Structure formats: structure tokens, C-alpha cells
Amino acid sequence: MDLRRKFLIFVPYAWLLVLFLIPFGIVLKISLSDTALAIPPYTPKLDWSDGWSGIISYFSQLDFENYVFLTEDSLYYVAYLSSLKIATISTIATLIVGYPIAYAMAKSPSHLRPTLMMLVILPFWTSFLIRVYAWMGILSQEGLLNQFLLWIGLIATPLTILNTNWAVYIGIVYTYLPFMILPIYAALEKMDGSLMEAAEDLGCSAISAFWLVTVPLSKPGVIAGSFLVFIPALGEFVIPSLLGGSKTIMIGKVLWEEFFSNRDWPVASAVAVILLVLLIIPIMLFQRNERKQREMEQ
Amino acid sequence: MWRGVFVHADGATMTQQQKKTVFEPWDEPNEQPIIQFKNVTKRFGSFTAIEDLTLDIYRKEFFALLGPSGCGKTTLMRMLAGFETPTEGSILLDNKDIAAVPPNKRAVNMMFQSYALFPHLTVFENIAFGLRRSNMPKADIPGRVEEMLRLTQLMPFAKRKPHQISGGQRQRVALARSLAKAPKLLLLDEPLGALDKKLRNDTQFELMDIQEKTGTTFVIVTHDQEEAMTVASRVAVMDQGRIVQVSTPDRIYESPNSVYVADFIGDINLIKGKAYHVAGEQSEIHWAEGQAPILATSATPCPDGADVTFAIRPEKVAISAERPEDMANAVSGKILDIAYLGNISTYHVELPSGDIVKAQATNTRRVARRRFTWEDEVWLSWTDTAGLILTT
Ligand SMILES: Nc1ncnc2c1ncn2[C@@H]1O[C@H](COP(=O)(O)OP(=O)(O)OP(=O)(O)O)[C@@H](O)[C@H]1O
Ligand SMILES: [Mg+2]
């Protein structure tokens, strides 16, 4: 193997090592430590000056106490379940909103498509935080949405949307919509138009041709999009903090509070490690979907 | 289904001859065409793909569309299947205007040029797709699919997905899928292009067999003239959205109505000249300084001095070392090139005028002992009825 190829293979591994494995190792290490009033707020600390005996005594002090603690307090268990629920519902909602948009884009005249694609990713040009704040303005009691609904006479008293789970759903759907639209659009766009014609030629109505041909062929896009929404939504922190209320419990929020309010880094790290373990399953399913699709296309 | 291929390889030529004498609905004044194109024009934007086309196709015909790439063959088929609507004119199926009938309500199936197989379904499911949408009882579907699989020799691939089979196999799946519903009218857009010669021949005969059995009307697009000649009851030659000639394969070959058709179908020598009437049906064509005029016949003599093209097929030109006595036309020249095609050889002979005339002779002797070779001076000769005088 020549140097060039070695280098090309080395780059992604180095990337993985520096940006994922090392930080994860640190978090894992902290999750096995105990809290302490110190800086940083945990013990033991590795003391290199003692040589081997130092390292051995360091490892002997690590334990799974924090993980045991997570199972004892129902808060964590509830938070994980609630996160799963919110992520699942938001993913389904994003799919319901995103599919028709992707479909319309794929069916639009080809000269319009680049523009439509631009419009989908346009929100990324402004800060995510600012956009979430904007939603606070829209969803609050005196917000644009309530004013509009009052004005057209649909409601008599303002709705409470902000600081409920509804606001969280709206926020997640809004934020992650492009991640749903783009893979579905990619799948639909490369679909051969003559397939629909063939289906109709063989006796399908337009609707059954859609169900029997378009939907199955866009399935890889739907799966990819759903994971791209579900995975970050599960650990979402900003949206539930800003738009959700006190009753909105998500694991990202719990994690934040452990770190910054309680300054309990070891428990916070244990929460993060469990979250990662939970995410490994959908990530692996996602990879499998991608691989299967590549096989179909080769 | 394939069992009979070799038996009826001969049988088919026989039935074809029978067909020629019996099956000529286009000459019967009382016969009602199954398809009528009435002054159909199709435009895409400002581009005219089909121009003022009028055409009748009869029940049980095997109708072939022939023409260069982009002349509008697929467009014509798509109008029949219902994917395009004529810009002007009307198309009648069984005497009813089909403009308003959607594709899924037409008793027409199409085999797409791109095959359009469903990538997420297996070969079996692809073939069953149309049957499941029809009113065929569920229990009968597997039997029918298997029949189609056997017909197209796809049995071993029934469980595979389209991306797991070869190009030729895909083509056969597309064919099987369009045949499965036994439609009234079957449209085949280059159905056999990707098959090897033997499988193509077998499938051609099989198509003819299916057609005889089911009475389905076939419209087939092909780039392969030999295929059109083998399978078709009639051939339409198209050029830039128009039909130039519609006739039986033998008439298209023997009496093309224009230089375009003559040149498009088969190999032909074309010699430009001026025609002068001699007597009766005979005319002379003056084609080069210092050369004897060509003597030829035509049913409708053209005015003296008219610009014409004399057309003669290479196999109608005889080649000899001596000047033949009894032939109406004879010219001498030098052999420039010999194309050896196995059973026959084509000699390219350069005349003193610079024209090159092709002559074909069967190879009755082995190559090493053939009579003529490069640079030989030879005589080319033909009778006065062997060629054609074309005015357009
Ligand atoms: N949807 C369309 N929009 C614009 N032009 C088109 C469209 N479909 C076909 N054409 C044009 O119409 C002409 C005829 O096309 P068609 O597909 O019928 O050709 P064809 O005879 O089937 O050619 P080939 O033998 O290459 O398949 C071509 O010049 C093509 O570019
Ligand atoms: Mg075509």
C-alpha cells in the first residue's frame, strides 16, 4: 500500500479518534468517578508521579456507583422514556409534514428544483438559537399565532402553547424538517418516471400506483430521514429548555442540570453514556439501511 | 412453450406464406381497423414530433415501426398507451376516440424501451403486478406467472430482484410482464434489442406464435430490419414524424416508394440520372458521360429528362468475368473491396465513372478458390426489370 492511500485511510480514523473516541473515553472515565468539592469536581485524579502504583490505585477507585444511582431515582428513567416519546412523536410529525413537501419538490419542473432546495436549507443561514427564540415570540400568549387565531375568530381566548410539549413538538418539527425532506427528496427524485407509467399501464390508478411504487421506492429516504431526525431529537436540549415547560422532561435537560446546576459531573457523565448506548441501536439500524440501499443501487 | 421452436422454425415460414395470401385485412374494404390515427400531430413546445399522421392498423396485425432514432416511434406508442395526448387529430381504438381514456383503463399494454421494471419487486412479483390489478382470480395468478416465466426462460430467476439479473434477462422480464395480461393491443418498444441473435430469433418466433394463439394485435418498434421482415405483417417506415411508406415487408423491400425507404431498408445501389421514355414501360436512364444508358422499367413512365434515381439491390446484380450476352444492362469495372459474409460475398466494384456498385454472389466455393479477387476487371449485369426508377 502506498503512502497516499495509507494517509487517506488514516485521516478518517484520526478524526474519529480525536473527535469521538478520546472525548468519549474522558466522559466514560468521569462517569466511573465520584463527586468531590474540587476543581474539576470529581475524584480520583490520575497522578502520574506515583508511577505504576498510582495508576493501579486510580483504577481501583473507579466503580459503577453512578449507574446504580441512575436506576434508583425514577427521575432518570422517566426522563429517558419521555425523551423517547417526544422524539418518536416529533419524528412521525416531521415525516407527515416533510413527505408531501419532498414529493412536491421531486414532481416540480426540474429548473425550479435547485431554488426549492435552497429554500429548504435557507433557515440554516441564521442561528438556530435565534430561530427558536423567534418561535417563542410566535407561540406565546400574546404571540403572532394567538393574535392571528383571535383575529380570524377561530378561538375566543388565547391558547397556551408555549411552555408545553406542543411547543416542543413544533420546535423539533420546524428545526429538523430539512433533515427529513432532503433524503426523501433524493430518493424520489432519482425514481424513474416511467415506473409510474408502467404501473398505470398495468392497471393501477394514480393513487394505488403511488402506494405500490412510489412509497416503497422512497422507503430508504424515509428511514434515513427518520433517523436523522430521531437521533438528535432524542438528546435535544435547547428546544425543550426554551419552548418546553416545567413538565417537559427530556434527558438532555436533565443532563444539563446535573452538570451545571448540581455540578455532579460523574452522574451527568453516566447519563450521557447511557444516552449514547440508547442511540447506538438506531444508529446501527440507520447504517444497515444505508448499506442495503447501496447494494440495491450498484 | 419453447418446445416447438425448432419444429416451427420451418413451420413459421410456412404460416407466414399462408398469411401473405390469406391475411390482408388492409385490402378488404369492409374490414374495420382496430386502431385509426386521424391526422394526428404531436408537438412538444415548438418541436413537432409527429406530423399529420394518418394510419390504420388492423386486428391481429403484427405491425412494425421502423425509422431512425428520434423519428417519433416511441411518441406514437405513448399516444396509443395514453401517456401523451395528440396536439391535433384523434386516435380511435375500436372506433372510439380514446383521448379521454386514462392509461389504466385502456386494454393496451406497453413494454417500455427502458423496461421500467419495479426495482423493489422480484421478477415474479413484477410479472404478477398487472394480474393482481386485474379481475383474475387470485388462485390463477401464480399459474399464469409461471407460464410467462417458462415462456421467457426466466424460471431460475423468479425470486431475484431486477438489479440481480442481466440486461437481456431484464428485457425478458419486461416482455413477460406486458404479455401476462393478454391485452387486446400490445405495444413493444424495441423488445428484443438486448438479446443475442439466437435468443432473439427464438423470441421472434415465440412472439408470432403467441400472436397467432391469442389474436392480440402487436405494434412493435425495432431498429433491426431483419426482425421487422421476419415478424411483421406490415411495416411502416418513418422519417421525422411522418410515415413515408406502409406496406408488407416484401413490398417495402422490393418496391420502395422513395429513395429514403430504399436506402433505409437493406443494402441498395443508388445511381442518379435523367430518364427518357423508350417504349411501353421501358425507360432509359442517362447517368454518366460515355456510358451506355441503363434500361429499366417502371409502370408509370416519367417525363423525358426528369431527374430520377435508379435503385438496384446488390443481390440482383450479377458478376462475371466476360460480358454476358443476354442481359439488358452491363457495365465493367474493377473490384475495389470484397466483404466476406460467410454464405455470401459483397463485391464493391468501381466503375470508370468513379461510381461504386455493389454486387452480391453466393459463395458456392471455398474462399481460397473463389473466382474473383481484388483489382480484377469484371462485368456487372442486370435485367431491365431488376431495378427501380425512383423519382422522390
Ligand atoms: N417529452 C418530450 N419533450 C420534448 N421533446 C420530446 C419529448 N419526447 C420526445 N421528444 C422528441 O421527439 C422526437 C421523437 O422522440 P421519440 O422518443 O418518439 O423517438 P424514437 O423514434 O422513439 O427514437 P429512438 O429510436 O431513439 O427510440 C425526438 O426528437 C425527441 O427529442
Ligand atoms: Mg424510442
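Residues numbered from 1 in each chain as written. Chains lettered and ligands numbered in written order. Predicted model: local features only at pLDDT ≥ 70, side-chain atom pairs only at ≥ 80, totals over all residues.

Peer 1: Now, about the overall build of chain A: what can you tell me, with residues and values included?
Peer 2: Across its full length, chain A holds 13 helices and two strands. Relative to its length of 298 residues, chain A is extended, with a C-alpha radius of gyration of 24 Å against a globular reference of 19 Å. Structurally, chain A occupies a C-alpha span of about 80 × 70 × 35 Å along its principal axes. Counting over 298 residues, chain A shows a buried share of 31%. In chain A, 72% of the contacts between residues at least 6 apart in sequence involve partners at least 24 apart. (Helix = DSSP H or I, 4+ residues; strand = E, 2+ residues; numbered from the N terminus. Rg over C-alpha atoms; globule rule 2.2 N^0.38 Å. Buried ≥ 20, exposed ≤ 12 C-beta atoms within 10 Å, placed from the backbone. Contact = placed C-beta atoms within 7 Å.)

Peer 1: A description of the site of ligand 1 should follow, citing residues and the corresponding values.
Peer 2: Residues and elements named next belong to chain B. Around ligand 1, a shell composed of Phe-44, Phe-47, Ala-49, Gly-67, Ser-69, Gly-70, Cys-71, Gly-72, Lys-73, Thr-74, Thr-75 and Gln-113 is seen. Broken down by secondary-structure element, the contributors of at least two residues to the shell around ligand 1 are β2 (47-57) and α2 (73-81). The leading source of residues in the shell around ligand 1 is α2, at three residues. (Near = placed C-beta within 6 Å.)

Peer 1: Give a detailed account of the nonpolar core, specifying residues and quantitative values.
Peer 2: Residues Val-271 of chain A together with Leu-80, Ile-127, Ala-176, Leu-187 and Val-237 of chain B are the most contacted members of the largest nonpolar core, which totals 154 residues. Broken down by element, this core gets its largest block of residues, 15 residues, from helix α8 (residues 165-189) of chain A. Taken domain by domain, this core gets at least three of its residues from each of domain 1 (2-107 + 183-259) and domain 2 (267-390) of chain B. Ala-176 of chain B has contacts with Ile-127, Met-148, Leu-149, Leu-151, Thr-152 and Leu-154 of chain B, leaving out every residue within four places of it along the chain. (Core = buried A, V, L, I, M, F, W, Y, C linked by C-beta atoms within 7 Å. Domains from an automatic or database assignment.)

Peer 1: Please provide a residue-by-residue account of the sheet that holds strand β17 (residues 344-350) of chain B, values included.
Peer 2: Residue and element names in this part refer to chain B. Strand order in this open sheet of five strands is β15-β19-β16-β17-β18, and the pairing throughout is antiparallel. Pairing within the sheet leaves two strands with one partner each, and these edge strands are β15 (318-320) and β18 (356-362). Looking at each pair of strands side by side, their axes are set apart by 45° on average, direction ignored. Note: β17 against β18, seven bridges, orientation antiparallel. Residue pairing for β18: Ile-344 is matched across the bridge by Thr-362. (Pairing = 2+ DSSP bridges. Axes fitted to C-alpha atoms, helices over the stretch in contact; angles between N-to-C directions.)

Peer 1: Explain the sheet that holds strand β6 (residues 108-111) of chain B residue by residue, including any values.
Peer 2: Residues and elements named next belong to chain B. As summarised here, the arrangement of the six strands in space is β6-β7-β8-β3-β9-β10, forming an open sheet in which the pairing is mixed. Whereas interior strands pair on both sides, the edge strands pair on one side only; in this sheet they are β6 and β10 (242-247). The average angle at which neighbouring strand axes cross in this sheet is 15°, direction not considered. Inspection of the sheet shows strand β9 (residues 234-239) paired to β10 by five bridges, in the antiparallel sense. Following the sheet pairing, Val-235 is matched in β10 by Ser-247. Sheet contacts for helix α5 (residues 167-180): β6 and β7 (185-189); angle to β6, the most-contacted strand, approximately 180°.

Peer 1: An account of unusual backbone geometry is needed here, citing residue identities and associated values.
Peer 2: Following Thr-43 of chain A, the chain continues to Pro-44 of chain A via a peptide bond in cis, the omega torsion being -10°. The residue Asn-163 of chain A is not glycine, and still its phi comes out positive at about 70°. With respect to the element layout, Asn-163 of chain A can be found in the loop between α7 (144-152) and α8. We note that Tyr-115 of chain B has phi near 70°; this positive angle belongs to a residue other than glycine. Inspection of the secondary structure assignment puts Tyr-115 of chain B in the loop between β6 and α3 (123-132).

Peer 1: Give me the lowdown on the pairing of strand β14 (residues 306-312) of chain B, citing residues and values where you can.
Peer 2: Residue and element names in this part refer to chain B. Along β14, five of the seven residues are buried, which leaves the element largely enclosed by surrounding structure. Where strand β11 (residues 269-279) and β14 come together, seven bridges link them in antiparallel fashion. Bridging across to β14, Lys-272 finds its partner in Thr-309. For β14 and strand β20 (residues 388-390), the ladder comprises three bridges, and the chain directions are antiparallel. Bridge assignment links Ala-311 to a residue of β20, and that residue is Leu-388.

Peer 1: Please provide a residue-by-residue account of the packing of helix α9 (residues 193-201) of chain A against helix α10 (residues 206-234) of chain A, values included.
Peer 2: The description of two helices packed together rests on the angle between their axes and the distance between the axes. All names here are of chain A. At a closest axis distance of 10 Å, the pairing of α9 and α10 adopts a crossing angle of 135°. Classified by the angle their axes make, α9 and α10 are oblique. Our pair here, α9 against α10, has a crossing hand that is right-handed. Facing α9, whose interface residues are Leu-195, Met-196, Ala-199 and Glu-200, α10 presents Ala-209, Leu-212, Val-213 and Thr-214. Its residues assigned to classes, the contact of α9 with α10 shows six nonpolar, one polar and one charged. (Parallel < 35°, antiparallel > 145°, perpendicular 65-115°, else oblique. Left-handed = near helix turned anticlockwise from the far one by under 90°. Nonpolar A, V, L, I, M, F, W, Y, C, P; charged D, E, K, R; others polar.)

Peer 1: Report on the packing of helix α4 (residues 74-107) of chain A against α10 of chain A, specifying residues and quantitative values.
Peer 2: Residues and elements named next belong to chain A. Running from N to C, α4 and α10 cross one another at 140°; their axes reach a closest spacing of 9 Å. Seen from above, α4 lies across α10 with right-handed handedness. Packed against α4, whose contacting residues are Ser-83, Leu-84, Ala-87, Ser-90, Thr-91, Thr-94, Leu-95 and Gly-98, the element α10 presents Val-222, Gly-225, Ser-226, Val-229, Phe-230, Ala-233 and Leu-234 at the interface.

Peer 1: Run through the pairing of strand β1 (residues 35-44) of chain B, naming residues and quoting values.
Peer 2: All names here are of chain B. With five bridges joining them, β1 and strand β4 (residues 88-93) adopt antiparallel strand pairing. What sits directly across from Ile-35, in β4, is Leu-93. Across seven bridges, the pairing between β1 and β2 is antiparallel. Bridge pairing links Lys-42 to Ile-50 in β2. Connecting the antiparallel pair β1 and β2 is a turn made up of two residues, with Gly-45 showing a positive phi of about 65°.

Peer 1: For the domain arrangement of chain B, give the residues involved together with the corresponding values.
Peer 2: By the assigned domains, chain B splits into domain 1 (2-107 + 183-259) and domain 2 (267-390). A C-alpha centroid distance of 34 Å is found between domain 1 of chain B and domain 2 of chain B.

Peer 1: For the confidence of the model for chain B, give the residues involved together with the corresponding values.
Peer 2: Residues and elements named next belong to chain B. Chain-level pLDDT for chain B is 86 on average; 93% of the residues reach the 70-or-more range. Taken element by element, the predicted model of chain B shows its lowest mean pLDDT in helix α1 (residues 5-22) (45) and its highest in α3 (95). This model gives residues 1-20 a pLDDT under 50, and the stretch forms 13 contacts once residues within four places in sequence are excluded. For this predicted complex, the interface confidence score (ipTM) comes to 0.76, while the overall pTM stands at 0.77. (pLDDT = per-residue confidence, 0-100.)

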